[in-house]
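As a plain string of letters, each chain reads:
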Amino acid sequence: MGIPPDLAPERIQARLRSRVIGRPLEVVGEVGSTNDRVMAAGRDGAPEGLAIIADRQTAGRGRLGRPWASPSGVGLYTSILLRPRLPASQVSLLSLVAGLAVAEGIESVAGLAPLLKWPNDLLVGGKKVAGILTETASMESRVSYVGLGIGINVRHKAQDLPEELRASATSLRLAIGRELSRGELAAEIYNGLDRWYREFSDGRFETILARGRERSAILGSTVEVLAGDQRWSGLAVDLDADGALLVQNGRGELRRVVAGEVSIRMTGAGVP
Ligand code: BTN
């Protein structure tokens with residue numbers, strides 16, 4: 001399976017200013033899931049920073065076991081291998097680190113200002129344009145490596161989006177009315193991730209959280225928290241030090257919502 005011109009690895013490499021992320025870079029025509037590929041590479045001892053891009057995935061995965069439709073020619077599907085030297089308790093912040101890098105990459109290439117919908121979605125005009133899937137391999141309580149998967153709807157026309165998602169999802173093309181290079185976008189994201197990952201590795205968590213709060217689509221809004229068969233509403237108040245969401249329930253109690261098996265539905269602004 002060939003590699004389309006907008007994903008030509010030499011063009012992506014020419015745009016890289018990163019020290020770690022995207023070095024090495026592997027671009028393939030087709031793969032099951034770039035996350036599976038990067039986790040297998042992690043197991044085999046591949047270096048931190050390895051990035052894999054596929055033109056198409058046959059078994060793309062989203063959060064909560066959902067499929068991630070990954071047709072050829074339209075989406076950016078990439079995964080990056082990280083080997084954080086920090087305790088597992090801080091690793092959940094990596095989704096925010098990735099979210100900031102993706103949002104800034106989209107901003108610089110498309111001129112849009114995506115907002116972050118905790119914990120892993122990026123929204124443009126209230127619709128989902130990208131998602132992040134963070135997978136961790138741990139030994140005892142230590143993190144051995146992390147696969148950071150990023151899926152972005154780049155060149156999709158409405159009919160390229162799964163029918164059931166057309167009301168709630170969009171693409172960069174639909175938002176700005178022109179076609180972008182997925183490779184150019186990938187390079188910008190790797191450059192930004194390189195900077196944000198350095199902040200993370202140096203322990204500057206407050207800087208990351210502050211920018212995450214500024215970019216949040218949900219702080220100050222009423223949200224519905226869905227965890228298994230439980231659902232409850234509250235006011236999304238803040239991000240905690242480890243990136244957990246702090247939600248005030250109807251009785252005025254502050255509850256910590258930890259990513260994982262949880263999803264959030266936005267229901268409006270103000271007090272529940
Ligand atoms: C979500 O919103 O649920 C997360 C979607 C993550 C999709 C990306 S595409 C590249 C990488 N490979 C996968 O199989 N999934 C992630």
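Residues numbered from 1 in each chain as written. Predicted model: local features only at pLDDT ≥ 70, side-chain atom pairs only at ≥ 80, totals over all residues. Heavy atoms only, no water.

What about the overall build of the chain?
A count of helices and strands for the chain gives seven helices and 12 strands. Radius of gyration (C-alpha) of the chain: 18 Å, near the 19 Å computed for a compact globule of 272 residues. Its C-alpha atoms give the chain principal-axis dimensions of about 55 × 45 × 30 Å. Counting over 272 residues, the chain shows a buried share of 54%. When contacts within the chain are restricted to residue pairs at least 6 apart in sequence, long-range pairs at least 24 apart make up 66% of them. Within the chain, one finds 34 positive and 31 negative side-chain charges whose respective centroids are separated by 2 Å. (Helix = DSSP H or I, 4+ residues; strand = E, 2+ residues; numbered from the N terminus. Rg over C-alpha atoms; globule rule 2.2 N^0.38 Å. Buried < 20%, exposed > 50% of the residue type's maximum accessible area, 1.4 Å probe, protein only. Contact = heavy atoms within 4.5 Å. Lys, Arg positive; Asp, Glu negative; His and termini not counted. Charge placed at Lys NZ, Arg CZ, Asp CG, Glu CD.)

Observations concerning the sheet that holds strand β3 (residues 75-82)
Taken together, the seven strands give an open sheet; going across it, the order is β1-β2-β3-β7-β6-β5-β4, and neighbouring strands pair in mixed fashion. With partners counted over all chains shown, the strands left at the sheet margins are β1 (25-31) and β4 (115-117), one partner each. Within this sheet the neighbouring strands show an average axis-to-axis angle of 20 degrees, counted without direction. One ladder, built from 10 bridges, connects strand β6 (residues 127-139) with strand β7 (residues 142-153); its direction is antiparallel. Opposite Ala137, over in β7, you have Tyr145 as the bridge partner. Strands β1, β2 (51-57), β3, β6 and β7 of the sheet are contacted by helix α2 (residues 34-43), whose axis makes an angle of about 155 degrees with β7. Strands in contact with helix α4 (residues 93-110) are β3, β4, β5 (121-124), β6 and β7; relative to β6, the strand with the most contacts, it is inclined by about 145 degrees. (Pairing = 2+ DSSP bridges. Axes fitted to C-alpha atoms, helices over the stretch in contact; angles between N-to-C directions.)

Some thoughts on the pairing of β3
Walk down a regular strand and you will see the side chains alternate between the two sheet faces. Within β3, eight of the eight residues are buried, leaving the element largely enclosed by the surrounding structure. Summarising the sheet, β2 and β3 pair through four bridges and their orientation is antiparallel. Paired with Ala51 across the two strands is Ile80, which belongs to β3. By the bridge criterion, eight bridges tie β3 to β7 in an arrangement that is antiparallel.

Looking at the site of the ligand
The environment of the ligand is made up of 20 residues, and the closest members are Ser33, Gln57, Arg61, Arg63 and Lys128. The separation between a nitrogen atom of the ligand and a polar side-chain atom of Thr34 is 3.1 Å. Between the ligand and the protein, one listed contact pairs a nitrogen atom with a backbone N or O atom of Arg61 at 2.7 Å. Contact with the protein chains removes 98% of the 420 Å² of surface that the ligand exposes when unbound. Using a 2 Å cut-off from the grid points, one finds that the ligand occupies the largest pocket. For the shell around the ligand, the element with the most residues is β6, which contributes four residues. Its residues placed into classes, the shell around the ligand shows five nonpolar, 11 polar and four charged. (Near = heavy atom within 4 Å. Polar contact = N/O pair within 3.5 Å; in protein donor to acceptor, adjacent residues only side chain to side chain. Areas by Shrake-Rupley, 256 points an atom, 1.4 Å probe, with all protein chains shown as cover. 1 Å grid on protein atoms, 1.4 Å probe; cavity = no way out; pocket = protein on both sides within 12 Å on 5 of 7 lines; lining within 4 Å. Sits in = over half its atoms within 2 Å of the grid points. Nonpolar A, V, L, I, M, F, W, Y, C, P; charged D, E, K, R; others polar.)

Points about helix α7 (residues 205-214)
Helical geometry: 3.6 residues make up each α-helical turn, so side chains three or four residues apart lie on a common side. Residues of α7 that are buried: Phe205, Ile208, Leu209 and Gly212. Projected down its long axis, α7 carries its buried residues within an arc of 95 degrees, all on one side. Looking at the packing, one finds that the buried side of α7 touches α3 (88-91), α4, α6 (182-201) and β9 (230-239). (Arc of directions from axis to C-beta.)

As for the environment of Ser79
Structurally, the position occupied by Ser79 is in strand β3. When its relative accessible area of 0% is taken as the criterion, Ser79 is described as buried. For the pair Ser79 and Val20, spaced 59 residues apart in the sequence, the C-alpha separation amounts to 14 Å. A polar contact is formed between the side chain of Ser79 and the side chain of Asn35, at a distance of 2.5 Å.

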